[in-house]
Amino acid sequence: MTEADRRRMARAGFKAMSPEEGLALFDTALELDTPAVLAASFDLAAVRGQADTGPVPPLLRRLVRPARRAAAALPAREEADRTRRRLAGLPAAEREAALVTVVRDQVAVVLGHASSEEVPAETSILELGLDSLTAVELRNRLTAATGTELSPTAVFDHPTPLGLARFLADGLAAPAPGGAGTAAAASGGGQAPAPLTALFRQACDAGQPTVALALAREFARLRPAFDATGTDRPAGPGTGSAAGQGTDPAVGRGAVRVPAPVRIARGSSGAGPVVVCVPSIVALGGVQQYLRLATSFEPAQDVRVLANPGFAEDEALPATMEAAVRHHLLSLEQDTSDSPLVLVGHSTGGLLAQAVAAGLERAGRRVTGVAMLDTYLPGDAGSTAVSDGVLGAVFAGMARRESDILGFTDARLSAMGRYLELLGTWEAPRISVPTLLVRAAEPLDGAPPELTGQDDWQTSWPQSYTMTQTPGDHFTLLEEHADKTAQVVLAWLTGLV
């Protein structure tokens, strides 16, 4: 547990316990007839503070009474509407400045900084130490502070205080039916019907994950898409390779919005290669996959994360693998550093990392190496995600990892369907740089016996590579075992430079 974790728990009202206190409470719980007992030490003053400024977790609500405040007479919705109207009524420049201040203040609280001066407006808050849990807290605090409901992914989609403030400003400027802010809807949140998500869950619950994936692929055909030239074409019932490009009103018709890589760790020396992580293309893939890994890399390496296009509601899907790779190459062009790059990809992100590395080599950009974290080659006998058993285990693992900050959406599920369809006919390009393949030591929880019972159930790669192993399974090597995974990658990287 990190110091940031301890601060977050303290703000929530949980006090640290000594081993002796914990064992004493455990012994007491064993003597009770109550079937479900939680042994914890609470700071009721901190819990009361939550009641004064925002929502209290349901389990703790009966422990405290909120203090009376001048605004307490107003229903929560009316108070939120009043805050929203005040901000929306400011001139645009003043509104943005006010929101930047609000965001910086809340980030400082969540990350435990003494002052918002420690939170630069244009620095990624992920780089400052925000993780998935503190992102939930920040989202809730900003919703309470601005009267505008944020989508679960807004903090990751707009990772700087300035970017998040501008996103909030756009939501405040838009009409808000029923008194609710529109930022959630703009970023894929809110209560809009999600037919694909409902059918996907239903198929998985019925033990038919291949049907679930087929639904995702078909849904993807209805979404706008872009080809490798950026040509604008409408959505339609054709195949993924025939789909076209959506428009981005911010940069003009026929253009793709290509964000710069998000920095999530800053190396102290400024020397050596920059680590560029490529998210996997499953529905829960994204920058949050690599937050723990990046923490273990610091202070040795700069770490940045690319964004796979198509996972947000307002983004077009790539029509071909070439289009997806070109999008990443354009993103990396926005990095003016001439440092060499190391591409890192978990699972299917490793396949994209290979493809991006090949494109960088063709462009003359220096690439030190590619590290693939438990990446399986499409079409491998015994390892491809085409069987119900393997797909079922992967989808079940994803479902267990849904959270308040990131869950299944129609956009994310259909994007997964499109990318998996494209990878089905993709061949790994030849690259000249060193390749590391990190295997998970344990099989995926729930994987079928016909796979795990084989001696060669672990992944391999058809080209020249260095192989190593790390504790955990396909998912947990980036979760509780992220530190060990980072160590093996850093050891390999040290040998290259």
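Scroll up to find the structure.
Note that the structure is a prediction, hence the values are computed from the model and not measured.

Scoring rules and cut-offs
Residues numbered from 1 in each chain as written. Predicted model: local features only at pLDDT ≥ 70, side-chain atom pairs only at ≥ 80, totals over all residues. Heavy atoms only, no water. Axes fitted to C-alpha atoms, helices over the stretch in contact; angles between N-to-C directions. Helix = DSSP H or I, 4+ residues; strand = E, 2+ residues; numbered from the N terminus. Left-handed = near helix turned anticlockwise from the far one by under 90°. Contact = heavy atoms within 4.5 Å. Nonpolar A, V, L, I, M, F, W, Y, C, P; charged D, E, K, R; others polar. Expected span 1.5 Å × (residues − 1). Buried < 20%, exposed > 50% of the residue type's maximum accessible area, 1.4 Å probe, protein only. Salt bridge = Lys/Arg side-chain N within 4 Å of Asp/Glu carboxyl O. Core = buried A, V, L, I, M, F, W, Y, C linked by side-chain atoms within 4.5 Å.

Here we come to the packing of helix α13 (residues 321-333) against helix α14 (residues 348-363). Axis separation between α13 and α14 bottoms out at 9 Å; the angle between their running directions is 65°. The crossing of α13 and α14 is right-handed. On the side of α13, the interface is formed by Met321, Val325, His328, Leu329 and Leu332, while α14 contributes Leu352, Ala355, Val356, Gly359 and Leu360. For the contact of α13 with α14, the residue count by class is eight nonpolar, two polar and no charged.

Between its first and last C-alpha atoms helix α5 (residues 92-111) spans 28 Å; for 20 residues at 1.5 Å apiece the expected length is 28 Å, and the two agree. If you check which residues of α5 are buried, you get Arg95, Leu99, Val100, Val102, Val103, Arg104, Gln106, Val107, Ala108, Val110 and Leu111. Just downstream of α5 lies Gly112, where phi reads positive at about 80°.

Tallying each qualifying case throughout the model produces eleven salt bridges. When the shortest N-O distance is used, the salt bridge between Arg141 and Glu137 registers 3.4 Å. Note that Arg141 and Glu137 are positioned in helix α6 (residues 132-146) at a spacing of four residues, about one turn of the helix. With a relative accessible area of 26%, Arg141 lands in the partly exposed category. A residue is classified by how much of its surface remains accessible, and Glu137, at 15% relative accessible area, is buried. Arg401 is paired through a salt bridge with Glu479; the nearest N and O atoms lie 2.6 Å apart. Taken together, the positions of Arg401 in the loop between α15 (388-400) and α16 (410-423) and Glu479 in the loop between β12 (466-470) and α18 (482-496) put the pair 78 residues apart, joining distant regions of the chain. Exposure remark for Arg401: the relative accessible area of 26% places this residue in the partly exposed category. Its relative accessible area of 23% is what places Glu479 among the partly exposed residues. It is possible to trace a salt-bridge network through shared partners that takes in Glu218, Arg221 and Glu421.

Turning our attention to unusual backbone geometry. Even without a glycine there, the phi angle at Ser347 is positive, about 55°. Structurally, Ser347 can be placed in the loop between β9 (341-346) and α14. Look at Ser347 and you get buried, because its relative accessible area is 12%. Its identity as a non-glycine residue notwithstanding, Asp374 has a phi of 50°, on the positive side. You can see Asp374 is positioned in the loop between β10 (367-373) and α15.

The next thing to look at is the nonpolar core. Ranked by internal contacts, the top residues of the largest apolar core, which has 55 residues, are Leu130 and Ile264. The dominant element in this core, judged by the number of residues it contributes, is α5, at eight residues. The contact partners of Ile264, leaving out residues within four places of it in the chain, are Leu126, Glu127, Val287, Tyr290, Leu291, Ala294, Val303 and Val305. Membership of the second largest hydrophobic core comes to 38 residues, among which are Leu306, Leu329, Trp426 and Leu437.

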